Amino acid sequence: MALACGIVGLPNVGKSTLFNALAGTALAAAANYPFCTIEPNKAIVPVPDPRLAELARFFPTAQVVPTTLTVVDIAGLVRGAHAGQGLGNQFLAHIREVHAVLHVLRCFEDPNIIHVEGGADPLRDKEIVDLELQLKDLETLGKVLPRVEREARLGGESDAQKWLATLRQAEAHLSAGQNLRTLQLEPEARAYLRSLGLLTIKPVLYIANIDEASLPYGNHLSQAVEQVAQEEGAPVLTLCVTVEAQLASLPPEEQKEFLALYGLREPALPQLIRTAYHLLGLITFFTAGPKEVRAWTVPVGTPAPKAAGEIHSDIQRGFIRAEVIRYEDYVRYGGEEGAKAAGKMRLEGKEYLVQDGDVIYFRFAV
């Protein structure tokens, strides 16, 4: 699935350095001035999943293919972006195209790295970005509301009254300085607002970017971010993007020693990728055989035929049944034959909703 997370924030907070670390390359220009990233850079990054390597043990010559996530490096926002300041229209359009937001907040002081607002204050920075996105959403609603009001008044659209109430609720929430993702909505209403391309309804992962000296526990600035994120019900990761970028450039055998220097047990980037993946409401199922062991991405609640379509449209069209083994049973009983002998393989039909960790063999006829 071509689902993407966009890295956003003010200029010079560490967005492009984070992107470089995630991409494992220096594609993005991590320069010490605003707007060094004009066009968004994209990277397809593998989603770390130790289950994949465990499954591959049963097929030593297998090609192992992880599932992936697209990450987009979006240039820094500034005050007035909603009105076009600092190429704001382009940047906001790029945010509209992604499915979730990785919001980087600078939690360190460094006189050698310019801050467009004059100094490190992550909560102020968050408010600036939030306000710009909220104002853009209000602008969008200002274009949609008159049309829906007219339809509701004329009675030409059966859903107009329902959507009108949702739109007015969203407008009031934004006008109160709140992001739409914090608004309590029924799933259908949330899906409707998403269809309008609204920005603040997108799920967010906050990234508190600290300096090396604040590792491994963070500092008062990152703790403030953690508090606000908790109140908002959003996930937050505290990390040092420069350290993570250095780690990403090292071979695996050297990473352990490097981590020990900073009192870290593991790199933060794999956790970031997994958190972003789950933020999008995604799960992983597996296919396993002598030629290939592979992870596949589907949304939570995906029926088996649609999951089969991720592999090939012919499999979805000719779907007969799915032979399903839980990952834990697959490993416990030594693979497909052992799990089948233990009665752990289930036959599932078109109504079956794929679960995270399922190892599936699709039967089909075209």
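What counts, and at which threshold
- Residues numbered from 1 in each chain as written.
- Predicted model: local features only at pLDDT ≥ 70, side-chain atom pairs only at ≥ 80, totals over all residues.
- Heavy atoms only, no water.
- Core = buried A, V, L, I, M, F, W, Y, C linked by side-chain atoms within 4.5 Å.
- Buried < 20%, exposed > 50% of the residue type's maximum accessible area, 1.4 Å probe, protein only.
- Helix = DSSP H or I, 4+ residues; strand = E, 2+ residues; numbered from the N terminus.
- Contact = heavy atoms within 4.5 Å.
- Arc of directions from axis to C-beta.
- Axes fitted to C-alpha atoms, helices over the stretch in contact; angles between N-to-C directions.
- Parallel < 35°, antiparallel > 145°, perpendicular 65-115°, else oblique.
- Nonpolar A, V, L, I, M, F, W, Y, C, P; charged D, E, K, R; others polar.
- Salt bridge = Lys/Arg side-chain N within 4 Å of Asp/Glu carboxyl O.
- Pairing = 2+ DSSP bridges.

A. Representation of the nonpolar core in the model. If you look at the biggest cluster of nonpolar residues, it comprises 63 residues, and the most contacted ones within it are Ile-7, Leu-18, Leu-22, Ile-95, Leu-102, Ile-207 and Leu-272. If one sorts the elements of this core by residue count, helix H10 (residues 269-279) sits on top with six residues. What Leu-272 contacts, discounting residues up to four positions off in sequence, is Leu-18, Leu-22, Leu-102, Leu-205, Ile-207, Leu-237 and Leu-239. Membership of the second largest hydrophobic core comes to 20 residues, among which are Val-148, Leu-164, Leu-193 and Leu-198.

B. Spatial organisation of helix H9 (residues 252-261). Taken as a whole, H9 has its buried residues at Gln-255, Phe-258 and Leu-259. Buried residues of H9 fall within an arc of 100° about the axis and therefore sit on the same side. Exposed residues on H9 whose side chains face more than 90 degrees from its buried face are Glu-253, Lys-256, Glu-257, Ala-260 and Leu-261. Taken from the residues just after H9, Gly-263 is the one with a positive phi, measuring 70°.

C. Representation of the packing of helix H5 (residues 160-175) against helix H6 (residues 187-195). Across the interface, H5 lies against H6 with an axial gap of 11 Å and an inter-helix angle of 75°. The angle between the axes of H5 and H6 places the two elements in the roughly perpendicular class. Across the interface between the two elements, Lys-162, Trp-163, Thr-166, Leu-167 and Ala-170 of H5 pack against Glu-188, Ala-189, Tyr-192 and Leu-193 of H6. Classifying every residue of the contact of H5 with H6 gives six nonpolar, one polar and two charged.

D. Highlighting the pattern of salt bridges. Across all of its chains, the model carries 22 salt bridges by this definition. Between Lys-143 and Glu-139 there is a salt bridge, and its shortest N-O distance comes to 3.8 Å. Of this pair, Lys-143 and Glu-139 both sit in helix H4 (residues 122-154), four residues apart, which is roughly one turn of that helix. Here Lys-143 falls in the exposed class, since its relative accessible area comes to 62%. Look at Glu-139 and you get partly exposed, because its relative accessible area is 31%. With a closest N to O distance of 3.3 Å, Arg-321 and Glu-323 form a salt bridge. Classification of Arg-321 as partly exposed rests on a relative accessible area of 31%. With relative accessibility at 7%, the residue Glu-323 sits in the buried group. By sharing partners, the salt bridges in this structure join Lys-126, Asp-130, Arg-181 and Glu-232 into a single network.

E. Region of interest: unusual backbone geometry. Following Leu-215, the chain continues to Pro-216 via a peptide bond in cis, the omega torsion being 0°. Checked against the element boundaries, Pro-216 lands in the loop between strand E6 (204-209) and helix H7 (220-232). Unusually for a residue other than glycine, Asn-12 sits at a positive phi of about 60°. The residue Asn-12 is located in the loop between strand E1 (4-8) and helix H1 (15-23) in this model. We classify Asn-12 as buried; its relative accessible area is 12%.

F. Spatial organisation of the pairing of E1. Most of E1 sits inside the fold, with five of its five residues counted as buried. Residues Ala-4, Gly-6 and Val-8 line one face of E1 and the alternating positions Cys-5 and Ile-7 line the opposite face, and both faces are buried. When E1 meets strand E4 (residues 68-73), the two strands line up parallel, connected through four bridges. What sits directly across from Ile-7, in E4, is Asp-73. Sheet topology note: the E1/strand E5 (residues 100-106) ladder contains four bridges and is parallel. Bridge assignment links Cys-5 to a residue of E5, and that residue is Ala-100.

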